[in-house]
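Examination of the molecular architecture
In case you want the letters, here they are:
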Amino acid sequence: MIKTTAKNLEEMTQIETIGYLNETVQPEAGTIPAFILADPKVYDIEHKKVFMKTWLFIGHESEIPNKNDYMLRDLAGYSIIITRDSENEIRGFYNMCTHRGMKLCRADKGNKSSFVCPYHGFNFKNNGDLIGVPLQKDIYGTDLDKSKLGLHKIRIESYKGLIFGTWNEEAESLSDFLGDFKWYLDILAGRAEMEVVGPPQRFIIHSNWKVGADNFVGDSYHTMVTHGSIAKLGMVPSATYSKKGYQIHTMNGHGLNLGTPNPDFAFPEELKSEYKSNLTDEQYDVLANLKNMIGNIFPNLSFLISHTKVKGQLISNTTVRMWRPIGPDKMEVIAWFLVEKNAAEDWKKRSRDSFILTFSPSGIFEQDDTEVFTDITAAASGPMPVMKELVYNYTMGMHREPVSDFTGPGVVYGDKFSEANQRNFYRYWLDLINA
Ligand SMILES: [Fe+2]
């Protein structure tokens, strides 16, 4: 229970709501109020203070491999065009014609060197320059300065093929934002040349985005129960397989759970030298002994390397997934399947099978999880006099000290059953809301 102020949440101004968040979101005490998963005002505050301020995932460079490829993406709820221009540079633009504001591009992806507005035909090169205006001389004379009418450019940066963008011109560099967490992202996305297979899977579920981030940033505890059936089916070694390993978090709310050891090398044997050339010895050791790796880059990009038995053989699959908020109680899940580009075609196919069996709309883990995510969100939208007082318990592992026997950076705990990562996630979330 939390202390209540006289006003109901619906009656509070945005400033009062931020004050109430400061009273009630107490990661260090292990309490997080339930209303933050459902309240429309909290959703608006988050949009302004979190999603408009921080780096957000956009896609993988391999999705636009050729010159003049482009893809349409979303950045904090706004449509943007990502192009690989004719000089091979990846660029981002707000998807709006600078003449009258029409949405310039409406196809999900394709290949073209310029974009013609469907309203009046203004033509923009894929580097953003306005290059053509129908009947320009006749109707504008010599006064129209096309150089001032280029597309609005978006700040984008990549790390190991992962493209991020931000609306915040003042934001630190992507590299600084990721900080020590890059050590783990190297294993995820930089261990070999990686490519995305197919377009990302997209599906909408009635869940607040933070439930997904919270689950992936450090909740291995649920796997014994929520995913108990997969152990019974023999697709994973045992029901308690999920505790062993490390829980790790770094600054800016990032965190992961790293499952280890694993007796079998679940990656393609023939790529060992490629892995070794891309990773440090310590990182390679982690990869070689990896059972699974599941985490979240703040705020809403989760990732997973997991191993599943496909036709009796243990095989890994790698996915990154975004919990894209589209309302307090609704999100689009966008899931990219990543695979080693230089692996054998047969291995790639089996890795994809392993992904589809586990995490995708048809996957057994995904179906287990989304059932929970939607019910948590529905319960958080309960009657206001009650919801104003209900809190979640995030005290797991508060009695424990970090360990120092692990080679990677960050605050490391000696097994995966802890909520230190979730406390770290909500600490940074609240810091941004107060910034
Ligand atoms: Fe799960």
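Residues numbered from 1 in each chain as written. Predicted model: local features only at pLDDT ≥ 70, side-chain atom pairs only at ≥ 80, totals over all residues. Heavy atoms only, no water.

1. Brief notes about the overall build of the protein
In terms of regular secondary structure, the protein is built from 14 helices and 21 strands. A compact globule built from 435 residues would reach a C-alpha radius of gyration of about 22 Å, and the protein, at 23 Å, matches this within 12%. Each of the 435 residues in the protein was classed as buried or not, and the buried ones make up 57%. For the protein, contacts bridging at least 24 residues in sequence account for 65% of all contacts bridging at least 6. Per element, the accessible surface of the protein, about 18,300 Å² overall, is 52% carbon and sulfur. Counting 47 positive and 55 negative side-chain charges, the protein places the averaged centre of each group 4 Å from the other. (Helix = DSSP H or I, 4+ residues; strand = E, 2+ residues; numbered from the N terminus. Rg over C-alpha atoms; globule rule 2.2 N^0.38 Å. Buried < 20%, exposed > 50% of the residue type's maximum accessible area, 1.4 Å probe, protein only. Contact = heavy atoms within 4.5 Å. Areas by Shrake-Rupley, 256 points an atom, 1.4 Å probe, with all protein chains shown as cover. Lys, Arg positive; Asp, Glu negative; His and termini not counted. Charge placed at Lys NZ, Arg CZ, Asp CG, Glu CD.)

2. Quick notes on helix H10 (residues 281-288)
Regarding H10, the residues found buried are Gln283, Tyr284, Val286, Leu287 and Ala288. The inward-facing, buried residues of H10 contact helix H5 (182-189), strand E15 (255-259) and helix H9 (272-278).

3. Structural notes on unusual backbone geometry
For residues other than glycine, phi is negative in most cases, and the peptide bonds are mostly trans. Following threonine 260, the chain continues to proline 261 via a peptide bond in cis, the omega torsion being -5°. Along the chain, proline 261 turns up in the loop between E15 and H9. Despite not being glycine, asparagine 68 shows a phi value in the positive range, around 75°. Within the secondary structure layout, asparagine 68 lies in the loop between strand E2 (56-60) and strand E3 (69-75). The phi torsion at asparagine 88 lies on the positive side, around 75°, for a residue other than glycine. Within the secondary structure, asparagine 88 sits in the loop between strand E4 (78-84) and strand E5 (90-94). For asparagine 88, a relative accessible area of 39% translates into the label partly exposed.

4. A word on the pattern of salt bridges
The tally for this structure, following the rule as stated, stands at 22 salt bridges. Glutamate 269 is the partner of lysine 272 in a salt bridge, and the nearest nitrogen-oxygen pair spans 3.1 Å. For glutamate 269, a relative accessible area of 47% translates into the label partly exposed. Through salt bridges with shared partners, a single ionic network connects Asp74, Arg202, Arg324 and Glu332. (Salt bridge = Lys/Arg side-chain N within 4 Å of Asp/Glu carboxyl O.)

5. What about the domain arrangement of the protein?
Partitioning the protein into domains gives domain 1 (56-170) and domain 2 (180-434). Its C-alpha centre places domain 1 at a distance of 33 Å from the equivalent point of domain 2. Contacts between the two partners involve 14 residues from domain 1 and, on the opposite side, 19 residues from domain 2. Where domain 1 abuts domain 2, roughly 1,300 Å² becomes buried across the two surfaces, and 68% of that area is made up of carbon and sulfur atoms. Among the residues of domain 1 in contact with domain 2, Phe57, Tyr159 and Lys160 are the three that bury the most area, contributing 39% of the side total. Linking domain 1 with domain 2 are two salt bridges. (Domains from an automatic or database assignment. Buried area = accessible area lost by both parts, 1.4 Å probe.)

6. Section: the packing of helix H1 (residues 14-24) against helix H14 (residues 420-434)
Two elements in contact, H1 and H14, have axes whose closest approach is 11 Å; the angle formed by their N-to-C orientations is 150°. With respect to each other, H1 and H14 are oriented roughly antiparallel. When the axes of H1 and H14 are compared, the crossing they make is left-handed. Between H1, through Ile18, Leu21 and Asn22, and H14, the contact on the second element is made entirely by Trp429, Leu430, Ile433 and Asn434. Tallied by class, residues from the contact of H1 with H14 come to five nonpolar, two polar and no charged. (Axes fitted to C-alpha atoms, helices over the stretch in contact; angles between N-to-C directions. Parallel < 35°, antiparallel > 145°, perpendicular 65-115°, else oblique. Left-handed = near helix turned anticlockwise from the far one by under 90°. Nonpolar A, V, L, I, M, F, W, Y, C, P; charged D, E, K, R; others polar.)

7. Considerations on the packing of helix H2 (residues 40-51) against H14
Between two packed helices, both the angle of their axes relative to each other and the distance between the axes serve to describe the pair. Running from N to C, H2 and H14 cross one another at 80°; their axes reach a closest spacing of 9 Å. In terms of orientation, H2 lies roughly perpendicular with respect to H14. In contact with Val42, Ile45, Glu46, Lys49 and Val50 of H2, H14 contributes Trp429, Leu432 and Ile433. The residue makeup of the contact of H2 with H14, split by class, is six nonpolar, no polar and two charged.

8. Some remarks on the coordination of the iron ion
Ligation of the iron ion by protein atoms is provided by His222 (NE2), His227 (NE2), Asp369 (OD) and Asp369 (OD), these donors lying 2.0 to 2.5 Å from the ion. Classification of the site at the iron ion as irregular follows from its four donor atoms and the range of 55 to 146° in their angles at the metal. Mapped onto the sequence, the residues coordinating the iron ion show the spacing H-x4-H-x141-D. Relative accessible area serves as the criterion here: at 2%, histidine 227 is assigned to the buried category. (Donors = N, O, S within 2.8 Å, 3.2 Å for Na, K, Ca; no water. Tetrahedral: all angles 85-135°; square planar, octahedral: opposite > 155°, others 65-115°.)

9. What to know about the nonpolar core
Nonpolar side chains tend to gather and get buried jointly when the protein is soluble and globular. Grouped together as the largest cluster of nonpolar side chains are 109 residues, with contacts concentrated most on Leu21, Ile36, Leu258, Met293, Phe303 and Trp429. It is strand E19 (residues 330-340) that contributes the most residues to this core, eight residues altogether. A domain split of this core shows at least three residues from each of domain 1 (56-170) and domain 2 (180-434). Contact partners of isoleucine 36, with chain neighbours within four places excluded, come to Leu21, Val25, Val42, Asn208, Lys210, Tyr426 and Trp429. Among the nonpolar cores identified, the runner-up in size contains 14 residues, and Tyr70, Ile81, Cys97 and Leu151 belong to it. (Core = buried A, V, L, I, M, F, W, Y, C linked by side-chain atoms within 4.5 Å.)

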